[in-house]
Structures are given as structure tokens and as C-alpha cells.
Protein chains: 2
Amino acid sequence: MFAAESMVRTLINQGVDLCFTNPGTSEMHMVAALDRVEGMKSVLCLFEGVATGAADGYGRMAGKPACTLLHLGPGLANGLANLHNARRAFSPVLNIVGDHAINHRPLDAPLTSDVEAVCAPMSRWAGSVTSSSEVSSMAVEAVKQAYGPERGVASLVLPADCAWSNEEPDVLPKAEMPGLRPISDKTVQNAAEALKSAKNPILYIGGTACLEDGLQAAGRVSEKLKCRLVMETFAPRISRGAGRVSPVRLNYFAEQAAEDLKDCDLLLIAGSKPPVSFFAYPGVPSELTPEGAKVVHLGGPADDITTALGALAEMLGAPKAPTLAPRGYAPEITNPDEPLNPGYAGLSLLRHMPENSVICDDATTSGMGIYPWLDNGPNHEWLCLTGGAIGMGMPLSVGAAFAAPDQQVFALCGDGAAAYTLQALWTQAREKQNIINVVFANHSYMVLNFELARVGAGEPGPAAQAMLDLSNPKMDWVKLSEGFGVPAVRASTVGQFDEALQAALKAGGPQLIVAEI
Amino acid sequence: MFAAESMVRTLINQGVDLCFTNPGTSEMHMVAALDRVEGMKSVLCLFEGVATGAADGYGRMAGKPACTLLHLGPGLANGLANLHNARRAFSPVLNIVGDHAINHRPLDAPLTSDVEAVCAPMSRWAGSVTSSSEVSSMAVEAVKQAYGPERGVASLVLPADCAWSNEEPDVLPKAEMPGLRPISDKTVQNAAEALKSAKNPILYIGGTACLEDGLQAAGRVSEKLKCRLVMETFAPRISRGAGRVSPVRLNYFAEQAAEDLKDCDLLLIAGSKPPVSFFAYPGVPSELTPEGAKVVHLGGPADDITTALGALAEMLGAPKAPTLAPRGYAPEITNPDEPLNPGYAGLSLLRHMPENSVICDDATTSGMGIYPWLDNGPNHEWLCLTGGAIGMGMPLSVGAAFAAPDQQVFALCGDGAAAYTLQALWTQAREKQNIINVVFANHSYMVLNFELARVGAGEPGPAAQAMLDLSNPKMDWVKLSEGFGVPAVRASTVGQFDEALQAALKAGGPQLIVAEI
């Protein structure tokens, strides 16, 4: 028996029962503990960015943390980009990182680095176990930190000797976890008064307000006041489809976003913060709140915004249910041989996607083309690229499929993004997950073609164009997918994509469609 | 005209003329500058770990820095693991990371993070440009920091507005770069006296002492004193082959390493530091210096150890040239149908490898099997996994091939390691590099099978075994390689591998051989 077993048992008592891992020598006692203790499933990932992205997807869909188990500073480093996305999604994630034994650290062996310092920039909380007697209590503390009240990435550094020690600390029982903070009646009242006295207010929502109940309440407020309802561009998770309120999604490009917010005299912020542009551009303001508009805060990501929006709707005497658009249906295909584009892919999804699907969107420009078509289609959860770190789609889908094993999961990926973390396909195949991956092969970092023009860097010459171009050589995504064990087909016309999607849904298990656009 | 152009011109003046990049919007002015200014080649990588690994490979072979150009915190994070290896290799690397415009940072847009804090743990120096007027001077400072005197990773954070500004600072001329520190005569004399008065000394070398001239001098000392010559396990670059001195390479496993150093009463440290075990194990000391042995330092990685070893040899009256083993040749193949193993792969390399090849070893257990066979074969440079962060081999080979375009480069990779950064194959294909990749497919994290037993975590059950197993599903490396544009074949017998190697050498360009072992 060794201390790692107490840690695993304590974690299971906190409801942490899934571990995405790529372990090494310093994690072997955790591996052995996961083997000996019943109740936590280990999922092997070929690359740590898959493990952390999966933990993010699980956290967004399950509303509770999975854990990772990563190998010292470099293993952690490989997972940081998707931890960045998780942090920006306010996903509860318990990020466990093995480290050298405490007395081995000062010897500066090859794999030594300051692990806690590597964790810190992408974590809402980071801590290190300093003796085996702490493994259970630190595990509970880390899980609490993942719950918040602002949910996020809690990183726990576990030195090998603290895991292997025979001095087993007590296994701790389930602790009470922090919940979202309640929002006071006074704050709700202030918001109501501000909305009523404004001429052209916008209710600007984000975070948990984009889930079904929050949207319903926000829709009621919007309908009562006939005010615009706008949503942040990259909400962690948006409940969508027929029967759900569909806010305007703030445009990505700053000029279009400014249009979305034009002429408002009040921004009521609910679950997010005032909008800012994704990037800065020469001579363009980064803050998107229109000049002269007042900003009032109902609450942010740490606050129980759903309850507050419901109270606000009641206070304003809003209708019990907002008026909704009728269910949308895609037309039959009359142009099967037309070249595919993202919009047609969206129509195929509208046609065939099962109710309660989960869509992980890592397809930048193609995702923007698909999103509008699904507005009033089958109900689904749309998970956004919250932190802008591409390479999230396939890993996120792995975690989402564990949280929602009976729902169909989709990973929509640009080819540039998919190339970051394609190793996720292997875990999908290993775990036989119901995931349909769509890789939009435009053989380009397409968004950068727009951005290069927009930043005012002049006309791109051949060397600059080459840095945005993925066509030399073209990646063969059928081979890449099959190489990691996931069956794949190519579709370059409207009809081919529609058929490929139906076939993938029928086949079950992981599938990949290369959408040549 | 904008400030980024001054920076690029200044870098070219410092001899930095190669950039491994995956840029984003915040780097578009650097991309435009690289386009407008002649003299620096940009190499696009599909993943930042490829870019940083390539910069490491270039630094080791060229002895001067290439630069990277990475996209904010997450892009940098993806490159950190191979920066860790570069730092441990004392490779000169200029790591340029774009950041948001300075006044955009406090708005906490989705891609915001503390970029300098993400750099710090894996850099020997990190700095941020704070105004466009600094871009040239900070660029020079960063290149100087990469040169040392202890060479390493210098990270320079470049906010977008400092790059796009029209206030162009002066282009700076070539600055004098730091060199290795000279070692005093007194230190050499102390070493000579310590060696002479010891009964059973070991000359323990590392770093630049493992290059041809250092080895020659160390071999003279060893021959004169009839003392053991031992080399650190993971030197950045080892000059090998017939005509070169071949020290004992300290074993990876601590028990065997202890054997290598047994009974010595003096360790003279030349270019490295006293040996420690790679990992800690319960109840086993991490420091490998035998009890009672004296440790004397001639110099470390920042010191001109080659000159000092030459002076030491002279002072001791050593022979002008050490006695060397005769050129080794592999026997003809008499067992072509026998199953392949790493040793047979080593014999094929001995048979066919061109003189002056470069071998990037990321093959852990298979690399250990190949290494001894090439001792007295064709001259070659062997580059080790200095930091233990797997996923280095293919990226390193990309950079090595740029530094040594007329030499044959090999990337030897375990299948677990290759899966980390297989995107490097795409850059090899794009740049038509003379690289032969060998993926040793044992479908396992093989070294962890040994380690799990050695850490005393008990008999592994099925869940633990599954965490070390890559056979479900088996990766198809022929498809993965072809998917990224590199031709590939599979070899599972002695004869097949030997033929595949000859065919790959004849074909030129990037090739991949799957060695089924």
C-alpha cells in the first residue's frame, strides 16, 4: 500500500472518476494506484494536449472535473494550450502533474523544471504536495479549487516520493464543493432599473447564461423590453436548436462586432464581461462597448447568473415563455454535384443530426459558416474555442463523449487546427467513441488570409503567403485518420457530404469525414 | 515600413537567417517583414513543437541560433517541451513569441496570458519588448543571451504594436557575441594534480567535450593515465565513428550507471556536472558519484572545456594522438528472414550509412540497442534526447538538415515518441529534406515496462498495463507518414530493413521506415 492509493480513493469520494493520462516513470505509483483501486477509469492519450482538451470537454458537459495525470514539466507543457482553453471556458479540471521526488529536484536531472511555475499561467489555482501526509487533503483542496466559485483549472503537483510513500494518509470523505455565488436582489433590481431607463439597451450574455435555462430567462427579458439579446462570441457551451432562445452571437471581426452593438446606450453584462476584440489592430479601438454607452454588471462567470436572470424576468413582468422561431428543416438536396462549402455541411447536419448532439467547434472560418444553419434544428450543445488555442476540437470531443456517452458527438475542425492534436483520433478508436470528426480541408490557415489584410501589413508577397498555405504538400486526412485507427472518407460535393454523414451516423463509433472545400 | 522590418534586418546582421514558425494574427507584421526583407528563410511548421525542436537541431549542428516565431502563450506552450530539450542541450535558440498589443493585454481577450511567465521555466533568458524603439536593441540582446556564455534558449516577447509601429528604430550592425569562458591554467593544473594523485580516477565528460576535438583531448588524457573515460548519458551531440575516441556512455538505469562508476576515487568533471540518476527510485540514492570519491571540476557547459582538455593533455605529457580501435564493418547478412530488432537496425546503419551522417535519437530503448554498433563505423554526429521530453526526433532532424544540407540526417524514433510530433514529417516533405525517419514500432511505451517494475509499485494489473500499451489500436505509420507527404515502407525482418534503408538512401528526400520490432 502506498500514499497514491489514498489520493485516488479520496478523489473518487469527491466524484472524480475519470483520468486522462500520459504517464511516465514519476507517475508509476499513481498508475499502480489507479490499477488497484476500483472506481476511476484511466484513458490513455498519445499526447498531453489530448488529455487536457478531453478534460475540458468532460468538464463542460458533465459540470464536474475529470483529472489528468501528466509527466513533469514537459508533459504538462504539451497540455498547456488546451488548459488555456479550459481556463477560458471556466471548465472544472483537476490537472495532476507528477514531479521528481522532492530530494531529487535540486540535483537538476534532465527532466527537472519548475513544474508549479509551468502550471501557473494556465491555472486558476496551482499547488504542490510537499509530503505524503498531504496527498488526500491537497487532493480535496484542488478539487474544491476546480469548482470555484469561478470554475477552472486546478493544478496539483505530486512529487513521486509523496505518491510512493508507505505512510498512507487517511482517505477523506466527500467534501462540500463551492457553488456559483448568489446574486443579490439589489443587484438584480439595479439591473432592472437600468434596463427600464435605457432607450436602446443590450442584454449581453455569456458563460452559464448560454445554457438552456439562462437563455430562456434572458429571452424573456429581451422580449419584454424589446431589447437586443447578444451573446459573447466564444461561450464555453451554447444550448441550441428548436425551442431554445437564440441570441445574436457577437461577430468575431471587430468591425462587424461594432455593428452588432451599434447605437446601444446600455450594456447589461450577464455572465461575462464587456466585449473586447479578439486581437488588436492598428488604429482600431479594442474595447467594443459603444462610446457613451453605460455598462451595468449583473454578474460574471463566478455568479449564479441563471437564477438572477430568472429573477430579473419576473421583476420586469416578462412573459412566462419567450416566443420562439418554428423548427427549421433543411430542404432536400437538388444540387448533389455542387462543390461543398461549410454552409452545405451545416445543412446536412440540420438534416441528419440526432437530437441532443454535442458539437465541438474548432473550425474557425468553416465553423462560422455552419453555425447559423443549426439555429432552429435538432437540439444540441455547441462548444466554442474559448481561448483561441487551435487544436481543441478532437480532444474536446473525447471528453464530451465520456460525459455524454448516449449522445452523438461531432468534432468540427479546420485542417490547420486538426493537425495540432490529431493523436486524439487514436483515443477515440481505442475507446470506441461515438464521434464524427469533420475536417474542413481548405489547405490554408484561412482566417489569417483575412487577418493579414486587416492588420494593414500591406500586400502579402510569396514568402508571406507561403506561411498561411497548407497545400504544399496537401495533407491526406483519410490516411492520417486511418493511421490512428479511425475510418475515414472524403467528400467534395454537396451530395457526397450528405451521404458520408448518413453513413457515419449509421456506422457508429469514431468516423472522420474530410470535407474538401 | 514598420518596426518589425528593423528587427528582421538587425537579426540578419547577427547571423540569424532562419525562422521556424507557426504565426497568427499578432505576428502578421513579422510575417510581412520576413516577406519584404531578403536574407531570412521562413519555414512553416504545423505545430510549434516542431518549430522549437527544429531550432534546437539547427543550434546543435550550426553552433548558432535560428529563431522561432510563435503565436502568444498557447503557441509558445506547444513549443515548450522541445525548448526544454534545447535548454538542456545548451543549444543557442532565439525564441520569438508574438503577444497582443500592449494596450490590448489588460482587456484579457481570449488569447491573453502572461507570455513571459510561460517562457521563463524553459528559457535561460526571457525578456519583453516594451516599445517599438527597443525592437532592434532587444533583438541583439536576445541573440547575445542565446550565445551565453552558457548557450541556451533566449525568449523574446514581441507585442504586436511594437512590431507594427511606423516609428522604425535603427537597424543595428553585427554585435560581438559571448563565447565560452576560458578556463584558467590554475584550474587545469589542479585537475592534473588531482588526476595524478588519484588511484582510480574517472574523467567524466559532457557538453562540448563530446565533440571531435574535446574527445581527442580527453582520449589522450585517459590513455596517458590509463584511467576510465566516461561520458554523460545524454550529451547534446557526440562525434562518433572510426577515428574518434569513444568513451563509455554512462548507462541510463541507475544500477548499471553505478557499475560504470564503481570503485573510482576521483571524478574529474569536464563540460558537465556530477552524474545523477534520471529518475528517483524508492530507497536508491539519486547521486551517482561513488561514496568517498572526490569530485574536481575542470569546467561546465559555459566553459571552453575543449581547450582546457588539450592543455591538460599537454601538461600530463599525453601522447599526441590516442590509440583508436580499427574501423568496424558489419558482416554480410546471412539471416535475412530473421525478425528485426534494434541491434540489426544498427548493423544496417553500419553497413550503409554515409560518412558524416547526423543521427537524431528519440528512440529510448531502441536507440540504446543501436548506439553501440556504430562505434567505429562511418563518422557521424549523434544527437541525444537531452531533456527527456520525447517527441524531439523528427523536429530535431528538420533543423539539423537545414544546418547540414549536404549530410544525410536520420531521425530514430520510438513509436510513442514519434506520435508526439509527427507533424514534422509535413515540413520535411515541404522542404524536401534528406531525412530518413525510422519509427521503431514496438507498440508500447517500452521503457515504462522496465520502470514500472523498478519503482517497486508491485505487479501491474490490466489497467496499469493498458497505460503502457500502444497496440489497441496499432498505429499504421505507413499511412501516417504518407498522410503528411513522406513516402514510407514497413520492415519486419533483417533483410527487409536492410533493403528499405538502401532504397531510402538511394531515393533521397524524406523517407520513413517502419521498423516492426
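Glancing now at the overall build of chain A. Counting its secondary structure elements, chain A contains 20 helices and 18 strands. Taking 24 Å as the expected radius of gyration for a compact globule of 517 residues, we find that chain A reaches 24 Å, a close match to that expectation. Judged by the C-alpha coordinates and their principal axes, chain A covers about 65 × 60 × 45 Å. Within chain A, the fraction of its 517 residues that count as buried is 63%. In chain A, 82% of the contacts between residues at least 6 apart in sequence involve partners at least 24 apart.

Looking at the secondary structure, you find Lys432(A) in the loop between helix H16 (424-430) and strand S16 (435-441). Separated by 54 residues in sequence, Lys432(A) and Val486(A) place their C-alpha atoms 9.4 Å apart.

On to the interface of chain A and chain B, then. Listed per partner, the contact involves 84 residues of chain A and 82 residues of chain B. Looking at the side of chain A that touches chain B element by element, the count peaks at 8 residues for helix H4 (residues 72-88) of chain A.

Moving on, we get to the relation of the copies chain A and chain B. Once chain A is rotated about the relating axis by 180 degrees and shifted along it by 0.0 Å, it coincides with chain B to within an RMSD of 0.0 Å. Accordingly, the operation relating the two chain copies is best matched by a two-fold axis. Take the interface residues of chain A: 98% of them recur as interface residues in chain B, which is what a same-surface contact looks like.

Residue and element names in this part refer to chain A. Spatially, 7 strands are ordered S9-S14-S13-S15-S16-S18-S17 in an open sheet, and the strand pairing comes out mixed. A single partner strand is all that each edge strand has here, and the edge strands are strand S9 (238-240) and strand S17 (488-491). Across this sheet, the average inter-strand angle for adjacent strands is 20 degrees, counted without regard to direction. The strands touched by helix H20 (residues 494-507) within the sheet are S16, S17 and strand S18 (511-516), with S18 carrying the most contacts at an inclination of about 175 degrees.

Attention now moves to the packing of helix H12 (residues 342-352) of chain B against helix H20 (residues 494-507) of chain B. All names here are of chain B. Where H12 meets H20, the axes come as close as 10 Å, and the angle between the chain directions of the two elements is 40 degrees. Considering only the axes of H12 and H20, their crossing is right-handed. Of the residues in H20, those touching H12 at Tyr-344, Ala-345, Ser-348, Arg-351 and His-352 are Val-494, Phe-497, Asp-498, Leu-501, Gln-502 and Leu-505. Here the contact of H12 with H20 is composed, by residue class, of 6 nonpolar, 3 polar and 2 charged.

A separate point is the environment of Leu316(A). All names here are of chain A. Within the secondary structure, Leu-316 sits in the loop between helix H11 (305-315) and helix H12 (342-352). Taking the C-alpha atoms as reference, Leu-316 lies 6.8 Å from Ala-192; in sequence the two are 124 residues apart. Here Leu-316 is in contact with Ala-192, Val-221, Lys-224 and Leu-225, once residues within four sequence places are set aside.

Moving on: helix H14 (residues 393-403) of chain B. Here H14(B) lies mainly inside the structure; 11 of its 11 residues are buried. Restricting attention to buried positions, one finds in H14(B) the residues Gly393(B), Met394(B), Pro395(B), Leu396(B), Ser397(B), Val398(B), Gly399(B), Ala400(B), Ala401(B), Phe402(B) and Ala403(B).

Another point: unusual backbone geometry. Along the chain, Gly148(B) connects to Pro149(B) via a cis peptide bond; the corresponding omega equals 25 degrees. With respect to the secondary-structure elements, Pro149(B) resides in the loop between helix H6 (135-147) and strand S6 (153-159). Residues Asn472(B) and Pro473(B) are joined by a peptide bond in cis, for which omega reads 0 degrees. Locating Pro473(B) in the fold gives a position in the loop between helix H18 (462-466) and helix H19 (477-483). Phi at His443(A) takes a positive value of approximately 55 degrees, unusual for a residue other than glycine. Considering the arrangement of structural elements, one finds His443(A) in the loop between S16 and helix H17 (446-454). You can call His443(A) partly exposed: it has 16 C-beta atoms within 10 Å. Residues other than glycine seldom take positive phi values, yet Leu72(B) does so here, at roughly 55 degrees. Following the sequence through the fold, Leu72(B) ends up in helix H4 (residues 72-89).

What follows deals with the nonpolar core. The biggest cluster of nonpolar side chains holds 381 residues, and the ones touching the most others in it are Ala515(A) and Ala515(B). Broken down by element, this core gets its largest block of residues, 8 residues, from H4(B).

Residue and element names in this part refer to chain B. For helix H1 (residues 3-13), a buried count of 9 out of 11 residues is recorded, marking the element as mostly surrounded by other parts of the structure. Residues Ala-3, Ala-4, Glu-5, Ser-6, Met-7, Val-8, Arg-9, Thr-10 and Leu-11 constitute the buried set of H1. For H1, the secondary structure elements touched by its buried residues are helix H2 (28-36), strand S3 (67-71), H6 and helix H7 (160-164). In the stretch just after H1, Gly-15 is the one whose phi turns positive, near 90 degrees.

Residues in a regular strand project their side chains so that they alternate between the two faces of the sheet. Residue and element names in this part refer to chain A. Where burial is concerned, most of strand S4 (residues 93-99) is hidden: 7 out of the 7 residues are buried. On S4, burial covers both faces: Val-93, Asn-95, Val-97 and Asp-99 on one face and Leu-94, Ile-96 and Gly-98 on the other are all buried. In terms of strand pairing, strand S3 (residues 66-71) meets S4 through 6 bridges, oriented parallel. From the neighbouring strand, His-71 faces S4, where its bridge partner is Gly-98. At this point the chain moves from S3, through H4, to the parallel S4, and the crossover so formed is right-handed. As judged from the 7 bridges shared by S4 and strand S6 (residues 153-159), these two strands associate in the parallel manner. Each bridged residue has a counterpart across the sheet, and for Gly-98 the counterpart in S6 is Leu-158.

Bringing the sheet that holds S4(A) into the picture now. All names here are of chain A. Judged by pairing direction, the sheet is parallel, and its 6 strands sit side by side in the order S2-S1-S3-S4-S6-S5 without closing on themselves. The sheet terminates laterally at strand S2 (41-44) and strand S5 (125-128), the two strands that pair on one side only. When the angles between neighbouring strand axes are averaged without regard to direction, this sheet yields 20 degrees. With 3 bridges connecting them, strand S1 (residues 18-21) and S3 associate as parallel partners. Of the residues in S3, the one forming a bridge with Phe-20 is Thr-68.

All names here are of chain A. Looking at chain A, the domain boundaries give domain 1 (3-164), domain 2 (185-315) and domain 3 (342-516). The centre of domain 1, based on its C-alpha atoms, is set 28 Å off from the matching centre of domain 3. Of the residues lining the interface, 25 residues belong to domain 1; the matching set on domain 3 comes to 24 residues. Elements with a contribution of two residues or more to the side of domain 1 that touches domain 3: S2, helix H3 (48-62) and H4.

Rules behind the numbers
- Residues numbered from 1 in each chain as written.
- Chains lettered and ligands numbered in written order.
- Predicted model: local features only at pLDDT ≥ 70, side-chain atom pairs only at ≥ 80, totals over all residues.
- Helix = DSSP H or I, 4+ residues; strand = E, 2+ residues; numbered from the N terminus.
- Rg over C-alpha atoms; globule rule 2.2 N^0.38 Å.
- Buried ≥ 20, exposed ≤ 12 C-beta atoms within 10 Å, placed from the backbone.
- Contact = placed C-beta atoms within 7 Å.
- Least-squares fit on C-alpha atoms with pLDDT ≥ 70 in both.
- Pairing = 2+ DSSP bridges.
- Axes fitted to C-alpha atoms, helices over the stretch in contact; angles between N-to-C directions.
- Left-handed = near helix turned anticlockwise from the far one by under 90°.
- Nonpolar A, V, L, I, M, F, W, Y, C, P; charged D, E, K, R; others polar.
- Core = buried A, V, L, I, M, F, W, Y, C linked by C-beta atoms within 7 Å.
- Right-handed = clockwise from strand over helix to strand, strands pointing away.
- Domains from an automatic or database assignment.

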